[in-house]
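One letter stands for each residue in the lines below.
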Amino acid sequence: MTPEEVALLTSRNGQQLLARLADHRPADDLTVMTQLRSQGYEPALVTAVVTQVRLRQRARPRFGTDADRLLWTAPGLEQATRTAVAEHRAARFAAHDAARIADLCSGVGGDLLALARAGIDVLGVDLDPATVAVARSNADTLGLGNRVEMRCEDVRAIDVLAEGCDAAFIDPGRRSGGRRTFDPEAYSPPYAFIAELAAGVAATAAKVAPGIPHSLVPSGVETEWISDSGEVKEACLWHGPLATPGVARRATLLPSGATLTDEGMPRPTVGPIGRWLVEPDGAVIRAGLVAAVAGSIDGWLLDPAIAYVCADAEPSTPYGRAFEVLEELPFARKKLRAALRERGYSDVVVKKRGIAVVPEELRRDLRLSGSGPTATLVLTRRATGPLALLVHPR
């Protein structure tokens, strides 16, 4: 997208067409574009509108009612923080009493808009002119233009404190050559820049990929892994006064807001199969807090390296999904098939951890059929070898 296309989309004709085509099917793109051009709409506007409608439709699951009010670029939509996560982070900044925040690599405004909605003034900085124009338009659309200043510059050239900001947030680009990168030093700007920024601005937070190695996080920095509806979305590094004293790792689960930390985490204990099995949320696993879940439900681990928790009493925890263990089954495929058929199962859902099994391949190989119930099978391992558990979701 270009700034000129942003101007077309925000024009009267652009807004009317966006509203008119909001729910049209992508399969009808060619027909719609031909019709609009025959009605006298300029080709550049028609192309921009149809592209934008597709992006808005893709944005709906993550951004709700805002999706059809805002403008998007394809890269901006890929990296934009979803509303629930951005609001959670903005609330944490607001609790710190931040008055003006520099949102570096602000993109199309996922975090920027949440910060402004939380009553914080924001300086948004991005290197791409079209992205800056989109973010500015989005702030105006939501009535937040008075709280947002946009700047088209290299974030490394911004003196955050000289700009009157008392805090900084950075969301470095995590794509290289059009593909997602898992190497922090391939971020744009590189991961090392986060430490440079925090050295000058004590109250700094940084969004990073959830797979960031714990060893890369400096001492004194709190890392918060965040999941939304069971899907791990990101990790955030909280520096200086934004970090919680005594906490190095935190898992936060949205939409509930349940949060778990490593403060006072018990040493993990390992034990036998219990009556109940808990599969921790992905954010808990990424944060290395499986032992904390076990401690909270008077449970234990099946294996010190596997993220399954067992308990004898029915667990009540927001940090994972509980399954009642019905029985242990033979791990060998032929015996497993026979056992499931004998019990009348016609299909199977396979969950696995720490074992080299492809669930869909196993499901196909078991060749179950009929009209019976669907089994839930947990495949994992412990010190004595592989393990197959027939379980029932609570």
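Refer to the structure printed above.
Residues numbered from 1 in each chain as written. Predicted model: local features only at pLDDT ≥ 70, side-chain atom pairs only at ≥ 80, totals over all residues. Heavy atoms only, no water.

Caption draft 1: View of the overall build of the chain. Helix and strand counts for the chain come out as 13 helices and 18 strands. Counting only C-alpha atoms, the chain reaches 70 × 55 × 35 Å along its principal axes. Relative to its 394 residues, the chain shows a buried fraction of 51%. Residue pairs in contact within the chain that sit at least 24 positions apart in sequence constitute 68% of those at least 6 positions apart. Entry remark: accessible area of the chain is about 18000 Å², with carbon and sulfur atoms responsible for 50%. (Helix = DSSP H or I, 4+ residues; strand = E, 2+ residues; numbered from the N terminus. Buried < 20%, exposed > 50% of the residue type's maximum accessible area, 1.4 Å probe, protein only. Contact = heavy atoms within 4.5 Å. Areas by Shrake-Rupley, 256 points an atom, 1.4 Å probe, with all protein chains shown as cover.)

Caption draft 2: Spotlight on the nonpolar core. In terms of nonpolar packing, the biggest core is built from 54 residues, with Val-49, Trp-72, Phe-93 and Ile-101 touching the most fellow members. Per-element accounting of this core gives the leading share, 9 residues, to helix H4 (residues 43–63). Among all residues touching Val-49, those that are not within four sequence positions of it are Leu-9, Gly-14, Leu-17, Leu-18 and Leu-21. Formed by 37 residues, the second largest nonpolar core is a distinct cluster that contains Val-125, Val-201, Ala-235 and Leu-260. (Core = buried A, V, L, I, M, F, W, Y, C linked by side-chain atoms within 4.5 Å.)

Caption draft 3: Expanded view of the side chain of Gln-52. Tracing the backbone through its elements, the reader meets Gln-52 in helix H4. Beyond its immediate sequence surroundings of up to four residues, Gln-52 is in contact with Met-1, Leu-9, Leu-18, Leu-70, Leu-71 and Trp-72.

Caption draft 4: The arrangement of the environment of Gly-344 in detail. Inspection of the secondary structure puts Gly-344 in the loop between helix H12 (333–342) and strand S16 (347–352). Along the backbone, Gly-344 and Ala-292 are 52 residues apart, and their C-alpha atoms lie at a distance of 38 Å. Look past the residues within four positions of Gly-344 in its chain and what remains in contact with it is Gly-372 and Pro-373.

Caption draft 5: Examining the sheet that holds strand S18 (residues 385–393) more closely. Spatially, 7 strands are ordered S13-S14-S12-S15-S18-S17-S16 in an open sheet, and the strand pairing comes out mixed. Bordering the open sheet on either side are strand S13 (300–301) and S16, each of which pairs with just one other strand. Note: strand S12 (residues 276–280) against strand S14 (residues 309–311), 3 bridges, orientation antiparallel. Bridging across to S14, Trp-276 finds its partner in Ala-311. Sheet strands in contact with H12 are strand S15 (320–329), strand S17 (374–382) and S18, and its direction is about 100° off that of S15. On top of the sheet, helix H13 (residues 359–366) reaches S16 and S17; it is set at about 150° to S16, its chief contact. (Pairing = 2+ DSSP bridges. Axes fitted to C-alpha atoms, helices over the stretch in contact; angles between N-to-C directions.)

Caption draft 6: Summary view of helix H7 (residues 110–117). In terms of burial, H7 is a largely internal element, 7 of the 8 residues being buried. Of the residues making up H7, those classed as buried are Gly-110, Asp-111, Leu-112, Leu-113, Ala-114, Leu-115 and Ala-116. Looking at the buried side of H7, the elements it contacts are helix H6 (83–95), strand S1 (100–104), strand S2 (121–126), helix H8 (129–141), strand S3 (148–152) and strand S4 (167–170). Remark: Gly-119 follows H7 within two positions and exhibits a positive phi of approximately 90°.

Caption draft 7: Focus on H6. Taking 1.5 Å per residue as the helical rise, H6 with its 13 residues ought to reach 18 Å, and the 18 Å between its terminal C-alpha atoms agrees with that figure. Within the sequence span of H6, burial applies to Val-85, Ala-86, Arg-89, Ala-90, Arg-92 and Phe-93. Down the axis, H6 shows its buried residues gathered within 155° of arc, on one side only. Positive phi appears at Asp-97, one or two residues downstream of H6, with a value of about 65°. (Expected span 1.5 Å × (residues − 1). Arc of directions from axis to C-beta.)

Caption draft 8: Molecular detail of the pairing of S2. Burial within S2 is extensive, with 5 of its 6 residues counted as buried. The sheet contact formed by S1 and S2 spans 5 bridges and is parallel. By the bridge assignment, Ile-101 is partnered in S2 with Val-122. As for the winding sense of the linkage, the β-α-β connection from S1 through H7 to S2 is right-handed. One ladder, built from 5 bridges, connects S2 with S3; its direction is parallel. Considered in S3, the bridge of Val-122 is made with Val-148. Read as a crossover between parallel neighbours, the route from S2 over H8 to S3 is right-handed. (Right-handed = clockwise from strand over helix to strand, strands pointing away.)

Caption draft 9: The arrangement of the sheet that holds strand S9 (residues 231–238) in detail. Pairing in this open sheet of 9 strands is mixed, and the strands run S3-S2-S1-S4-S7-S9-S8-S10-S11 from one edge to the other. Strand pairing shows two members of the sheet lacking a second neighbour, S3 and strand S11 (258–261), which therefore form its edges. The mean inter-strand angle of the sheet, taken between neighbouring strand axes irrespective of direction, is 20°. In the sheet, strand S10 (residues 249–254) pairs with S11 via 4 bridges, with the strands oriented antiparallel. In the sheet register, Arg-250 faces S11, and the bridge partner there is Thr-261. The sheet strands contacting H6 are S1, S4, strand S7 (204–208), strand S8 (222–228), S9 and S10, and the helix crosses S9 at an angle near 25°. Along the sheet, H7 makes contact with S1, S2, S3 and S4, crossing S2 at roughly 170°.

Caption draft 10: Just unusual backbone geometry, in detail. Between Ser-188 and Pro-189 the backbone carries a cis peptide bond, its omega angle lying at -5°. Following the sequence through the fold, Pro-189 ends up in the loop between strand S6 (179–180) and helix H9 (192–200). Cis geometry marks the peptide bond from Leu-254 to Pro-255; its omega dihedral reads 10°. Among the secondary structure elements, Pro-255 is positioned in the loop between S10 and S11. One non-glycine residue with positive phi stands out, namely Ser-229, at about 55°. As for its position among the elements, Ser-229 is in the loop between S8 and S9. Its relative accessible area of 63% is what places Ser-229 among the exposed residues. Positive phi is not limited to glycine here, since Arg-367 has a value of about 50°.

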